[in-house]
Amino acid sequence: MTNSLITCGHISLTIYGDKLNFDNITSILELQPTKTIRKGDNIRNNNRFVAEKDLWIYEKKYNDLESLNISLTDFLEEIEKIKNTDNKLEKRVRIYIQSEPAQIFFSLPQVILKKISDLKLDMDISILSWGFAEN
């Protein structure tokens, strides 16, 4: 792959709920959220997307697809204390991939999938490709 074709993104932990105690979640996880959003607040800079629930979000960026598994492993270790939160809360790990190439391949090793399962997290993967092709 040439340097002009870039794949990067971020990994996030999102906790959803009604009347979330943001300070309590921050204290349990010992992590500062990237952002918090209250139910009814705008999610983006327009009025089209309004939060249906409270959101506590923690994000980390990664620079290339080759480092995704290392970044994801480190991220899961960082959020290990998620298992100490209320099991009734909806909790998700999201992997966002932004890529110039149209064809994207990656795999998640069993150890990562097991860790996500052990932490009782749902997982979403979002891929945005600009559809460029290598010569």
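Details of the structure are given in the entry above.
Below is a summary of the structure that appears in this document. (Residues numbered from 1 in each chain as written. Predicted model: local features only at pLDDT ≥ 70, side-chain atom pairs only at ≥ 80, totals over all residues. Heavy atoms only, no water.)

**Quick notes on the environment of Ser71**
In this fold, Ser71 is placed in helix H2 (residues 68-78). Once the C-alpha coordinates of Ser71 and Lys61 are considered, the two residues, 10 residues apart in sequence, prove to be 8.2 Å apart. Here Ser71 is in contact with Ile11 and Tyr62, once residues within four sequence places are set aside. (Helix = DSSP H or I, 4+ residues; strand = E, 2+ residues; numbered from the N terminus. Contact = heavy atoms within 4.5 Å.)

**Here's the deal with the layout of surface pockets**
Its volume calculated, the largest pocket comes out at about 710 Å³. Among the secondary structure elements, those contributing two or more residues to the lining of the largest pocket are strand E1 (7-17), strand E2 (35-37), strand E3 (54-62), strand E4 (90-101) and strand E5 (122-132). Top contributing element to the lining of the largest pocket by residue count: E1, with six residues. Residue classes in the lining of the largest pocket are distributed as 11 nonpolar, six polar and eight charged. (1 Å grid on protein atoms, 1.4 Å probe; cavity = no way out; pocket = protein on both sides within 12 Å on 5 of 7 lines; lining within 4 Å. Points joined across faces, edges and corners; volume = space filled by probe spheres on them. Nonpolar A, V, L, I, M, F, W, Y, C, P; charged D, E, K, R; others polar.)

**Comments concerning a nonpolar patch on the surface**
A contiguous nonpolar surface patch, about 330 Å² in accessible area, is contributed by Leu128, Trp130 and Phe132. Mapped onto the secondary structure, Phe132 falls in strand E5. (Patch = residues over 30% accessible without salt bridge, like charges linked within 9 Å, V, L, I, M, F, W, Y side chains within 5 Å. Areas by Shrake-Rupley, 256 points an atom, 1.4 Å probe, with all protein chains shown as cover. Salt bridge = Lys/Arg side-chain N within 4 Å of Asp/Glu carboxyl O.)

**Observations regarding the nonpolar core**
If you look at the biggest cluster of nonpolar residues, it comprises 26 residues, and the most contacted ones within it are Leu13, Trp56 and Ile79. At the level of elements, E1, helix H1 (22-29), E3, H2, E4 and helix H3 (110-118) are the ones that each hand at least two residues to this core. Ranked by the residues each element gives to this core, the list is headed by H2, at four residues. The residues touching Leu13, leaving out its near neighbours within four places in the chain, are Leu29, Trp56, Ile57, Tyr58, Phe75, Ile79, Ile82, Arg92 and Leu121. Residues Tyr16, Ile37, Leu55 and Ile57 belong to the second largest nonpolar core, which totals five residues. (Core = buried A, V, L, I, M, F, W, Y, C linked by side-chain atoms within 4.5 Å. Buried < 20%, exposed > 50% of the residue type's maximum accessible area, 1.4 Å probe, protein only.)

**Some words on the sheet that holds E2**
Strand order in this open sheet of five strands is E2-E3-E1-E4-E5, and the pairing throughout is mixed. Every other strand in the sheet has two partners, leaving E2 and E5 as the edge strands with one partner each. Going from strand to strand, the sheet's axes swing by 20° on average, the running direction of each strand aside. Looking at chain direction, E1 and E3 are connected through nine bridges and run antiparallel. Paired with Ile11 across the strands is Lys60, a residue of E3. (Pairing = 2+ DSSP bridges. Axes fitted to C-alpha atoms, helices over the stretch in contact; angles between N-to-C directions.)

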